[in-house]
Amino acid sequence: MESDRAKIDKPRLRDTLRGLPRRVWIVSLGSLILSAGSFLPTFIVLYLAGDGHSSTAAGLVLGASGVGSVLGSVIGGHLTDTIGRRPAILLSVVATAGLTALVPFVGPIALIVALVGLIGLVSQIHRPAMAAVLVDSVTADQRLAAFGVLRFAQNIGVALGGAVGGVVASISYTGLFVGEAAALLLFGLIVTVLLRDKPGAQTDAEETDAETEKEKEVGYRQALGDPTLVRFLLMSVFAMFVYIQTTVGLPLHVADVGMSARDFGLLMALNGVLVVLFELPLIGVVSKYRPHYVLAVGNLFTCVGLSLTGFTTGMGLLAVTVLIWTIGEMVFSSIAQAHLASLTPPGMVGRYQGLYGAAYTIGTGAGPIIGGAVYMFAPWALWAMVGVLGLVSAQLCLRLRRPDDAVAVAHS
């Protein structure tokens, strides 16, 4: 039967991109600005070290930021479904801007920990709302392309932000954090002026009223009662735990085999170049296949590439492993949120995306702590863990299909 085939008929990605509504490009432009101006998470440790604080203090600050980010994703999902997408975004960026600008003027480490934790919370509120804007704005066949454009913009922004942030930080950390606040306010201005209500048939008043009433009746208890969502969240935690070893296990292995920090930088630069050049074309390929299969393949590539890291030495072989896990990263990241949208019941887009953000943060937060400890015990144990968790996450992907809506999943 057609519903059981792995491959499905889809419009060409180029045609889909041309047909994306204006709101997708507005949100993506704003995300590029946010990513380019997001300096605090990258430079806060260097700022604290330069200000005379210990590594323990830096750890507390990072921990507070991580906890805040998890809570912020959950709160953001609730606000997205209750007060609305646009108000949630504006609340997040304005609050984050004000708090970030205060960082260089706060002295005691306890206040810095509290402030950065609060920034972690409010800075995540806009993410489920932005995802919901995309879901609201496009058809099922356009979701993958829309999230692909959003991720492409984020990748460009991260690349620009790293370069600009390094230059500004060398001059003034005050300027760095005030600059981030300015970038946030610029995005807030874009949202205020350009991000209007959905055009045409998608703004039908009766449909909007009906959705609002449904949103008031549902909550996180109902969301977490969905076994498909729970599997998706577990898969995301494991997948992110595996992927984040690119910043923990990989650099530790590079140092252990006698390579330099410059070599690690080149490997990560290879990853960045591959993502920028090939992720959107790759979306055009994977869009022709069932999303749960694509997610499983993405997880397998990531875990295989990283597991092989422990058995490789030399720049050439390590570059091959980077290529393998980068393919996995591109495949997984390009489709995860779009597929989640196809699994979401009416009125729950914000909460489902918020829980995904929380799962993502838990995986990337626990990965460095647990991964580093396991590597110190025995490097082979970390790579074995990566392989096992990658296989588990791939297996969970194969169960991310509702038995009663195979057709809907096929068109995610």
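Since the structure is predicted, the reported quantities are computational estimates derived from the model, not experimental observations. (Residues numbered from 1 in each chain as written. Predicted model: local features only at pLDDT ≥ 70, side-chain atom pairs only at ≥ 80, totals over all residues. Heavy atoms only, no water.)

What to know about the overall build of the chain
We apply this condition: The way it works is that DSSP assigns letters per residue, a run of H or I at least four long becomes a helix, a run of E at least two long becomes a strand, and they are numbered from the N terminus. Each residue's exposure class comes from its accessible area (1.4 Å probe, protein chains only) as a fraction of the maximum for that residue type: buried when under 20%, exposed when over 50%, partly exposed otherwise. Note on contacts: a residue pair qualifies if any of its non-hydrogen atoms lie within 4.5 Å across the two residues. We get accessible surface area from the Shrake-Rupley algorithm with a probe of 1.4 Å; when it comes to residues, only the shown protein chains can shield them.
For the chain, the helix and strand inventory stands at 19 helices and zero strands. Relative to its full complement of 412 residues, the chain shows a buried share of 52%. If you take every contact in the chain between residues at least 6 apart in sequence, the share linking residues at least 24 apart comes to 86%. On the chain, roughly 17,800 Å² of surface is accessible, and the fraction owed to carbon and sulfur atoms is 69%.

Here's the deal with the nonpolar core
Under the convention used in this document: Grouping buried Ala, Val, Leu, Ile, Met, Phe, Trp, Tyr and Cys residues that are joined through side-chain atoms within 4.5 Å yields what is termed a nonpolar core.
The biggest cluster of nonpolar side chains holds 87 residues, and the ones touching the most others in it are I44, I89, V103, F232, M235, L295 and F332. With eight residues, helix α9 (residues 173-194) is the largest single contributor of residues to this core. Within the second largest apolar cluster, 20 residues are counted, among which are L250, V254, M259 and V374.

Quick notes on the packing of helix α5 (residues 85-102) against α9
The line we're drawing: Lines are fitted to the C-alpha atoms to define the axes, a helix being fitted only along its stretch in contact, and any angle between axes, read from their N-to-C directions, falls within 0 to 180 degrees. To sort the angles, those under 35 degrees are grouped as roughly parallel, those over 145 as roughly antiparallel, those from 65 to 115 as roughly perpendicular, and the leftovers as oblique. Handedness of a helix crossing follows the sense of rotation of the near helix relative to the far helix, less than a right angle counterclockwise being left-handed and clockwise being right-handed. Side-chain classes follow a simple rule in which Ala, Val, Leu, Ile, Met, Phe, Trp, Tyr, Cys and Pro form the nonpolar group, Asp, Glu, Lys and Arg form the charged group, and the remainder, Gly included, forms the polar group.
Where α5 contacts α9, the axes come no closer than 8 Å and their chain directions differ by 160°. By the angle between their directions, the pair α5 and α9 is classed as roughly antiparallel. Our pair here, α5 against α9, has a crossing hand that is left-handed. Together, R86, I89, L90, V93, V94, T96, A97, T100 and A101 of α5 and F177, E180, A181, L184, L185, F187, G188, V191 and T192 of α9 make up the contact between the two elements. Class assignment of the residues belonging to the contact of α5 with α9 gives a composition of twelve nonpolar, four polar and two charged.

Side note on the environment of L79
Structurally, L79 is set in helix α4 (residues 55-82). A C-alpha to C-alpha distance of 9.5 Å links L79 and I89, two positions ten residues apart in sequence.

What about the side chain of T96?
Just so we agree on the cut-off: Side-chain atoms alone can form a polar contact between residues adjacent in sequence; in general such a contact is a pair of N or O atoms within 3.5 Å, and within protein one must be able to donate a hydrogen while the other accepts it.
Tracing the chain through its elements places T96 in helix α5. T96 sits in the buried class, given a relative accessible area of 3%. Among the polar contacts listed, one links the side chain of T96 to the backbone nitrogen of S123, at a separation of 3.4 Å. The contacts of T96, once residues within four sequence positions are left out, are I119, V122, S123 and L184.

Concerning a nonpolar patch on the surface
Short version of the rule: Only residues above 30% relative accessible area that lack a salt bridge enter a patch, with like-charged residues linked at up to 9 Å and the nonpolar side chains Val, Leu, Ile, Met, Phe, Trp and Tyr linked at up to 5 Å. We define a salt bridge as a side-chain nitrogen of Lys or Arg found within 4 Å of a carboxyl oxygen belonging to Asp or Glu.
Together, L186, L189, V193 and L194 give the surface a local cluster of nonpolar side chains, amounting to about 320 Å² of exposed area. Relative to the helices and strands, L189 resides in helix α9.

Some remarks on the pattern of salt bridges
This structure, assessed with the given rule, holds five salt bridges. The salt bridge involving R85 is made with D136; its shortest N-O contact spans 2.7 Å. With R85 in helix α5 and D136 in helix α7 (residues 126-137), this pair connects stretches of sequence that are 51 residues apart. Of the residues examined, R85 reaches a relative accessible area of 15% and is grouped as buried.

What about the side chain of S307?
Tracing the chain through its elements places S307 in helix α15 (residues 291-309). Among the polar contacts listed, one links the side chain of S307 to the backbone oxygen of W383, at a separation of 3.4 Å.

A closer look at the environment of A140
Locating A140 in the fold gives a position in the loop between α7 and α8 (143-171). For A140, a relative accessible area of 27% corresponds to the partly exposed category. C-alpha of A140 to C-alpha of A338: the two residues are 198 residues apart in sequence and 8.7 Å apart in space.

Some remarks on the confidence of the model for the chain
Using the following cut-off: Think of pLDDT as the predictor's per-residue confidence, scored from 0 to 100.
Of the residues in the chain, 89% have a pLDDT of 70 or more, and the chain-wide mean is 86. Ranking the elements of the chain by mean pLDDT puts helix α19 (residues 406-410) last with 38 and helix α12 (residues 227-243) first with 96. Low confidence marks residues 404-412, where pLDDT is under 50. Its contacts with residues over four positions away, or in another chain, come to 24 contacts.

A word on helix α13 (residues 249-256)
Operational definition: The directions from the helix axis to the C-beta atoms are what the arc is built from.
Within the sequence span of α13, burial applies to G249, L250, H253 and V254. The arc that holds the buried residues of α13, viewed along the axis, is 135°, so those residues lie on one side. Where α13 is buried, its residues meet α14 (261-286), α15, α16 (315-342), α17 (349-377) and α18 (379-397). At the exit of α13 stands G258, carrying a positive phi of roughly 85°.

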